[in-house]
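# Summary of the model geometry
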Amino acid sequence: MSHPASSPFPPATFPPGTRSGPAASSPATATSPPDAAPSRPAGAPAGSSATPSPGDSATPSRGSSTDWVARAADDALAEHRRRGGDGLLVCASGISPSGPIHLGNLRELLTPHLVAAELAARGVPVEHVLFLDDHDRLRRVPAGVPAHFAAHLGRPLAEVPDPSGELDSWAERFTAPLHAALAALGIRVRVVSQSARYAAGHYTGAVLAAMARRQRIAAILAAARGTDARGAGDAASGEPAESWPYRVYCRRCGADDTRITGYREDSTALRYECARCGADGFRLAEANHGKLAWKVDWPMRWAAEPVAFEAAGADHAAPSSSFGVGRRICAEVFGARPPSLLGYGFVGTRGAAKLSSSTGTAPTPADALAILEPAMLRWLYARRRPQQAITIDFGTEVTRLYDEWDRLAARVAAGTAGAADATAYRRASAPGLAGPRRAVPWRLLTSVLDVTAGDPRSTERILGQAEGARLRLADVEPRRTLAATWLARHVPPERRTRVRAEPDTALLATLTDRQREGLTLLTAELPGCRDLAALTALVYGIPKRLNGLAADAAADEAVRAAQRSYFTLLYRLLVGADAGPRLPTLLLALGPDRARRLLTP
Ligand SMILES: [Zn+2]
């Protein structure tokens, strides 16, 4: 858990340009240079002095800022070299597909992904392995799954049927959406099914070692609990209750409501009793019908695979937790070194109450990818140190987030981004991520979609006028689709813009002469305003002209007050509310004819 400020190895060990070495054939994704960023504004220069690409011979390969990813990569590399530095450096993630995989689990994947990408960029042969814990038992039936699935409790996830009946297993049902999200996010992993590993006998030697050293394991576990290993024993067998590190999945019913009743080390003959099926047995060296307990299974995997870097939830990563126990078991039982471990904090969400209430679960990566560009979702994780909590907002903050992201992209493209910001941007970007060729501001896009009710031709025309350039909707994808989804799923109806179908005749009948004059000036001059700049000058200028000032005169407090009341009047007449999207955008979206109909007394 220590992160030295600088690598113990001089940069010369991994000179620039080594990317064409072993890393080129590595399955892990290399960190992309900034010119591969998907959201670079059209016409912006590629490349940037502030964000050297890994292959840039003038700069160190690790980039311009030593962030948490670079420090974690240093630690992983140090661990790899302590083991001799041979072969692929394995960065591991572990996911239990027991139910929907939520945005908190994504940190389990993105943390090693970013570290693996950093190592690949340094020319280190590296692989990101996703250990799929599909040999875990089904612990509970999540919301939305028929209650009769309770009959499968205690069976391995890979052997429980898919609740929807479409896929081969429960594990596949909840893994499939994760694979889709990983592909969208540019996270390439080698998936290792624990069920397949156990079935293939890959862990047999380790299971036998754990059984042989079960007293040692029991002592380590007891020490972690602060009790004596023999304190809570099973009087009948004379064995401590927790001395069996292995839990049997019954050969007949498949469930783990079992108890080991005897084990012979010489023959590896194991006897057990199932609560449903009675007594049975098998030879551990010849077949596997069970799984090591979690606190033994995790370190066994470090040793058997072997893993040099792993991330884990902060609760597992603390010294007194699974990791503290695991590192002792790894060394004392399996004779191996534990990985360099990085603990990560909580991922919370806001503004997603509607999602959660419909599915009964926390929002998933797919939910976030329905409204955020993939690089932005990566950025939310990359820019925070793992120890920091992350909150992903599905509500009004989304607009601010897009603004922030677009400004960052522009600064990176212009070479004016700070080192830390540029590094986070580089890590968020990856080759092949979906992003718009033209990053139309989210604020404009959502306003236009709202006012046009999503009509493609009007949307294309208005966006072109607003941007002062010919554009095709395809250039704005996937942002247009994301914006439409966000409006439909996350913006409450009362916050959406509803253009009046008919003029507000009651309000129009009460106008003062000056208010009428303000509307007349506007409707007369609207047809001559072809873009946002002209419309902005017009709507801000009219209140000044009504006060006898020039349209471009500086605004004092009286003018600002006149502008506020003028804008409120326009909003009431156009959308029946005191506020709405920016007026120039709204007027552009409406077009002069529709505006005149609503603004003429
Ligand atoms: Zn049974």
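Reading guide: rules and limits
- Residues numbered from 1 in each chain as written.
- Predicted model: local features only at pLDDT ≥ 70, side-chain atom pairs only at ≥ 80, totals over all residues.
- Heavy atoms only, no water.
- Donors = N, O, S within 2.8 Å, 3.2 Å for Na, K, Ca; no water.
- Tetrahedral: all angles 85-135°; square planar, octahedral: opposite > 155°, others 65-115°.
- Helix = DSSP H or I, 4+ residues; strand = E, 2+ residues; numbered from the N terminus.
- Buried < 20%, exposed > 50% of the residue type's maximum accessible area, 1.4 Å probe, protein only.
- Pairing = 2+ DSSP bridges.
- Axes fitted to C-alpha atoms, helices over the stretch in contact; angles between N-to-C directions.
- Parallel < 35°, antiparallel > 145°, perpendicular 65-115°, else oblique.
- Left-handed = near helix turned anticlockwise from the far one by under 90°.
- Contact = heavy atoms within 4.5 Å.
- Phe/Tyr/Trp six-rings, centres within 6.5 Å; stacked < 30°, edge-to-face > 60°.
- Lys NZ or Arg CZ within 6 Å of the ring centre and 35° of its normal.
- Nonpolar A, V, L, I, M, F, W, Y, C, P; charged D, E, K, R; others polar.
- UniProt positions renumbered as here; feature names shortened; annotations may be inferred.
- pLDDT = per-residue confidence, 0-100.
- Salt bridge = Lys/Arg side-chain N within 4 Å of Asp/Glu carboxyl O.
- Core = buried A, V, L, I, M, F, W, Y, C linked by side-chain atoms within 4.5 Å.
- Domains from an automatic or database assignment.

## As for the coordination of the zinc ion
Under perfect tetrahedral coordination by four donors, a metal shows angles of 109.5 degrees; under perfect octahedral coordination by six donors, it shows angles of 90 or 180 degrees. Binding of the zinc ion to the protein goes through C250 (SG), C253 (SG), C274 (SG) and C277 (SG), at separations of 2.3 Å. Around the zinc ion sit four donor atoms; with metal-centred angles ranging over 107 to 112°, the donor geometry is tetrahedral. Taken in sequence order, the residues that donate to the zinc ion follow the motif C-x2-C-x20-C-x2-C. Of this pair, C253 sits in the loop between β6 (246-248) and β7 (258-264) while C274 sits in strand β8 (residues 269-274), placing them 21 residues apart in sequence. Residue class for C274 comes out buried when judged on its relative accessible area of 4%.

## A look at the sheet that holds strand β9 (residues 278-283)
Strand order in this open sheet of three strands is β7-β8-β9, and the pairing throughout is antiparallel. At either margin of the open sheet sits one strand with a lone partner, and together these are β7 and β9. Across this sheet, the average inter-strand angle for adjacent strands is 20°, counted without regard to direction. Inspection of the sheet shows β7 paired to β8 by six bridges, in the antiparallel sense.

## Structural notes on the packing of helix α6 (residues 214-225) against helix α9 (residues 322-332)
Closest axis-to-axis distance for the α6/α9 pair is 10 Å, and the angle between their directions is 160°. By the angle between their axes, α6 is roughly antiparallel relative to α9. Handedness of the crossing formed by α6 with α9: right-handed. For the pair formed by α6 and α9, the contact residues are R216, I217, I220, L221, A223 and A224 on the first element and V325, R328, I329 and E332 on the second.

## A few points about the packing of aromatic side chains
All told, the structure shown has 15 aromatic pairs when counted by the stated rule. Residues W244 and Y263 carry aromatic rings whose centres are separated by 6.4 Å and whose planes lie at 85° to one another, so their mutual orientation is edge-to-face. With W244 in the loop between β5 (239-240) and β6 and Y263 in strand β7, this pair connects stretches of sequence that are 19 residues apart. We classify W244 as partly exposed; its relative accessible area is 21%. With 5.1 Å between their ring centres and 55° between their planes, W379 and W405 make a pair best called tilted. Taken together, the positions of W379 in helix α12 (residues 374-382) and W405 in helix α13 (residues 397-414) put the pair 26 residues apart, joining distant regions of the chain. The exposure class assigned to W405 is buried, which follows from its relative accessible area of 0%. Among the aromatic residues, those joined into a cluster by ring pairs are W294, W298, W302 and F323. A cation over an aromatic ring shows up here: R383 above the ring of W379, its NZ or CZ 4.3 Å from the ring centre.

## Description of the packing of helix α15 (residues 442-451) against helix α18 (residues 479-490)
Contact pair α15 / α18: the axes reach a minimum separation of 10 Å and the direction vectors enclose 65°. α18 is crossed by α15, and the crossing has right-handed handedness. Where α15 abuts α18, its residues W442, L445, T446, L449 and D450 lie against R479, R480, L482, A483, A484, W486 and L487. Here the residues of the contact of α15 with α18 sort into eight nonpolar, one polar and three charged.

## Let's talk about the UniProt feature "short sequence motif: 'HIGH' region" (unreviewed entry) in the chain
This chain's UniProt record puts "short sequence motif: 'HIGH' region" (unreviewed entry) on residues 97-105. This span, residues 97-105, is 33% helix and 0% strand, and a straight line between its end C-alpha atoms measures 10 Å.

## A few points about the environment of V124
Mapped onto the secondary structure, V124 falls in the loop between α2 (103-121) and β2 (126-132). Given a relative accessible area of 3%, V124 falls into the buried group. Considering only alpha carbons, one finds V124 and G87, 37 residues apart in sequence, at a separation of 9.7 Å.

## As for the pairing of β9
On a regular strand, each side chain points to the face opposite its neighbour's, so the side chains alternate between the two faces of the sheet. Of the strand pairs in this sheet, β8 and β9 are connected by six bridges, and their pairing is antiparallel. Bridge pairing in β9 links Y272 to D280. Between β8 and β9, which pair antiparallel in sequence order, lie three residues.

## Some details on the confidence of the model for the chain
Across the chain, the average pLDDT comes to 85, with 85% of residues at 70 or higher. When mean pLDDT is taken per element in the chain, β9 scores highest with 98 and strand β4 (residues 233-234) scores lowest with 43. Contacts for the low-pLDDT stretch residues 1-64, under 50 throughout, to residues beyond four places or in other chains number 132 contacts. A low-confidence stretch, residues 231-240 stays under pLDDT 50, and its non-local contacts, those more than four residues away or across chains, total 15 contacts.

## Some details on the pattern of salt bridges
One pass over the full model with this rule turns up 39 salt bridges. Between R480 and E477 there is a salt bridge, with the nearest N and O atoms lying 3.0 Å from each other. Linked by salt bridges that have partners in common, D67, D74, E118, R122 and R427 make up one network.

## Regarding the nonpolar core
Ranked by internal contacts, the top residues of the largest apolar core, which has 108 residues, are L119, L377, Y381, L522 and L574. Residue contributions to this core reach at least three from each of two domains, namely domain 1 (436-495) and domain 2 (505-599). Counting residues in each nonpolar core, the second largest holds 29 residues, with I260, L270, F282 and M300 among its members.

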